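For reference, the chains in residue letters:
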2 protein chains.
Amino acid sequence: MEKRLVIALGGNAIIRPGERGTVEEQRRNVALTCRQVAAVMSRGYQVVLTHGNGPQVGNILIQNEEARSLVPPMPLDVCGAQSQGQIGYMLQSELARELASAGMNVPVVTVVTQVVVDPADPAFQDPSKPVGPFYTEQRAKRIMEGGQYVMKEDAHRGWRRVVPSPEPRALVEERAIRLLVDAGVLVIASGGGGIPVRRVAGGWEGVEAVVDKDLTGQKLARLVEAEGFLILTDVDRVFIHHKTEREQPLDRVSTGQARRYMEEGHFAAGSMLPKVEAAVRFAERGGYSIITALDRLSLALEGRAGTTITKEV
Amino acid sequence: MEKRLVIALGGNAIIRPGERGTVEEQRRNVALTCRQVAAVMSRGYQVVLTHGNGPQVGNILIQNEEARSLVPPMPLDVCGAQSQGQIGYMLQSELARELASAGMNVPVVTVVTQVVVDPADPAFQDPSKPVGPFYTEQRAKRIMEGGQYVMKEDAHRGWRRVVPSPEPRALVEERAIRLLVDAGVLVIASGGGGIPVRRVAGGWEGVEAVVDKDLTGQKLARLVEAEGFLILTDVDRVFIHHKTEREQPLDRVSTGQARRYMEEGHFAAGSMLPKVEAAVRFAERGGYSIITALDRLSLALEGRAGTTITKEV
């Protein structure tokens, strides 16, 4: 039995900060990312991939807005589904190439994934996740008066729509994902944290929300019984006392200690905090979690980079 | 063993002629479509679904064009992948509801699907499939001079980009699709005919083309060893001598007779002709193909509606 990993790719694995997100940029970044993933697989790991979709769904929302007079805009859940198709296809394409050049014949499949959320989740009382284009104050207030969206000012950059970021409860496609993974398929799933849906009579209905991709990622990791859950971001390791004189990188930390650091406010909300939360949740069930930079993936698996979180140190 | 069918949904199963394609319209149409599919499944058929994406990818291309100054436009293959995510999600959502209300517990999964095409396919010498927005003659000629696209005039409605429509050679995700179908999963695959890709060193590369969804559909039907291949469109049956005094609907026709009708020019290119071609190809390998209207699906399976094509009549 291969050692199974779930790897969560951050947005910067596909569109880097400062890039506009041309297809050439995205393909180049995805190719570098997939090379890292193939390197890990050639060392005997089975990988399941998940990824963020912030920049891509942001672009799709802007396109929807700009073409509003010609094409009816799609709601956030449908835009999220589009971004899963887009990113999944790009990953499939580059992974096939990297796996082939590493001499591996592994089928790659993107599963369009819905994530169940609870309408009673307190997040619905406090929409806080910014999505889509920036608006002027005047336009934002007009949109809010229309009652359609909640808008908030984003420091100096204008106003943006904010949506709830509820907890992931389960993946709707869990049986199929499990089946494919057990058959040795490289599965790309729950992109962007999954398309949030709520239970309605007999089925599911899309919800205007964004689920944190790492919180969903740890659900995915538990579903496939991964031994490790890796969150790839833009820093080598997690810091405590970040950006102070006492700044200190974490190499290995227990789930208990990590929870104490969280309570002490060491990690930025909306940035490192949900990553640590997701990593801790997975490790509390017995596996290991690693938070590291994309290019440190292989080193981190050898314990030579990254922050590793386990139940006991 | 259940009787296995591949059902190819036409564009009108999701956005009907004259509709703008609001999310409410699409959801309502998809719900009606999924009710038909669930009815067939409750009669003991296992179903694999495929679908067109013309109106959806058209809208995505318009959105890309309108937001061009803010967001780098994505190429056709990426837009196709987006449309697979979008339509697959909508179908998954409504199928879950319809299956549950019919008392069936069948997992539903959309597989983002690439279709292999041959760069030597003669279609690349003669781009003929119109995609995306209409342009004025002046703008179209400027775009053509830029060398990026081939544009053609579309009768009285303006100029449009045309792309090649090559033959489907194989589905890249065939192993995963087969695995899921054999495990009893309701698979949605090769939407819009699949994302066209060509083989490059060790992998695949997207191609700016559109593959006919029914031609890919019959490949899918052969892949999963379906007994029947159903093409759902907006007419109850196929006609010969269409729109003349001698007009005659076809109930049952042999593949040989159908090929003769094709050669005699009874079917409109870009409309009924590729459907009959796809239906004949599947039937020539031993199964049955049916071309009928969406709401005649169940009747057609009883032989009481539609045009059925088999090797021998």
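Residues numbered from 1 in each chain as written. Chains lettered and ligands numbered in written order. Predicted model: local features only at pLDDT ≥ 70, side-chain atom pairs only at ≥ 80, totals over all residues. Heavy atoms only, no water.

1. Here's the deal with the relation of the copies chain B and chain A
In step 1: You can overlay chain B on chain A at an RMSD of 0.0 Å; the transform is a turn of 180 degrees with a shift of 0.0 Å along its axis. What we have between these two chains is a two-fold relation.
In step 2: When the interface residues of chain B are mapped onto chain A, 100% of them again lie at the interface, so the same face is used by both copies. (Least-squares fit on C-alpha atoms with pLDDT ≥ 70 in both. Contact = heavy atoms within 4.5 Å.)

2. Brief notes about the sheet that holds strand β6 (residues 150-154) of chain A
Residue and element names in this part refer to chain A.
In step 1: Taken together, the three strands give an open sheet; going across it, the order is β5-β7-β6, and neighbouring strands pair in antiparallel fashion. Two strands lie at the open edges of the sheet, namely β5 (129-135) and β6, each paired on one side alone. Neighbouring strand axes in the sheet, compared pairwise and without regard to direction, differ in orientation by 40 degrees on average.
In step 2: The sheet contact formed by β5 and strand β7 (residues 158-163) spans five bridges and is antiparallel. Within β7, the position partnered with Y135 by the bridge is W159. (Pairing = 2+ DSSP bridges. Helix = DSSP H or I, 4+ residues; strand = E, 2+ residues; numbered from the N terminus. Axes fitted to C-alpha atoms, helices over the stretch in contact; angles between N-to-C directions.)

3. Here we look at the interface of chain B and chain A
In step 1: With 56 residues of chain B at the interface, the matching set in chain A holds 56 residues.
In step 2: In this assembly, chain B packs against chain A so that about 4600 Å² is buried in total across both faces, 62% of it on carbon and sulfur atoms.
In step 3: Applying the counting criterion to the chain B and chain A interface returns two salt bridges.
In step 4: Ionic pairing is found between D77(A) and R27(B), a salt bridge with its closest N-O pair at 2.8 Å.
In step 5: At the boundary of chain B and chain A, one finds 16 residue pairs in polar contact (both at pLDDT 80 or more).
In step 6: Looking at the side of chain B that touches chain A, the elements that each hand over two or more residues are α1 (23-41), α2 (54-66), α3 (76-101), β3 (108-110), α5 (174-182), β10 (195-200) and β11 (203-206) of chain B.
In step 7: Among the elements that line the side of chain B that touches chain A, the one with the most residues is α3(B), at 13 residues.
In step 8: Residues of the side of chain B that touches chain A, tallied by class, amount to 30 nonpolar, 18 polar and eight charged. (Buried area = accessible area lost by both parts, 1.4 Å probe. Salt bridge = Lys/Arg side-chain N within 4 Å of Asp/Glu carboxyl O. Polar contact = N/O pair within 3.5 Å; in protein donor to acceptor, adjacent residues only side chain to side chain. Nonpolar A, V, L, I, M, F, W, Y, C, P; charged D, E, K, R; others polar.)

4. Details of the side chain of Q56(B)
All names here are of chain B.
In step 1: Examined against the element boundaries, Q56 turns out to sit in helix α2.
In step 2: Judged by its relative accessible area of 2%, Q56 falls in the buried class.
In step 3: For Q56, the side chain forms a polar contact with the side chain of Q26, separated by 3.4 Å.
In step 4: Residues in contact with Q56, not counting those within four places in the same chain, are I14, I15, Q26, S83, Q86 and I87. (Buried < 20%, exposed > 50% of the residue type's maximum accessible area, 1.4 Å probe, protein only.)

5. Section: the sheet that holds strand β8 (residues 170-171) of chain B
By way of backbone hydrogen bonds, the strands of a sheet pair with one another, either parallel or antiparallel.
In step 1: Read across the sheet, four strands follow the order β8-β4-β10-β11 (chain B) without closing on themselves; strand pairing throughout is mixed. Both edges of this open sheet fall to β8 and β11 of chain B, since each of them pairs with a single strand only.
In step 2: Here three bridges tie strand β4 (residues 114-116) of chain B to β10(B), and the two strands are oriented parallel to one another. When the sheet's bridge partners are listed, V116(B) is paired in β10(B) with V197(B).
In step 3: On the sheet, helix α3 (residues 76-101) of chain A packs against β4, β10 and β11 of chain B and is oriented at approximately 145 degrees with respect to β11(B).

6. Let's talk about the domain arrangement of chain A
Residues and elements named next belong to chain A.
In step 1: Looking at chain A, the domain boundaries give domain 1 (3-117 + 169-308) and domain 2 (127-163).
In step 2: Once you take the C-alpha centre of each, domain 1 and domain 2 turn out to be 26 Å apart.
In step 3: Contact residues are listed per partner, giving eight residues for domain 1 and eight residues for domain 2.
In step 4: Our enumeration of links across domain 1 and domain 2 arrives at two salt bridges.
In step 5: Across the salt bridge formed by R139 and E65, the nearest N and O atoms sit 2.5 Å from each other.
In step 6: The leading source of residues in the side of domain 1 that touches domain 2 is helix α2 (residues 54-66), at four residues.
In step 7: In the side of domain 1 that touches domain 2, the residues fall into five nonpolar, one polar and two charged. (Domains from an automatic or database assignment.)

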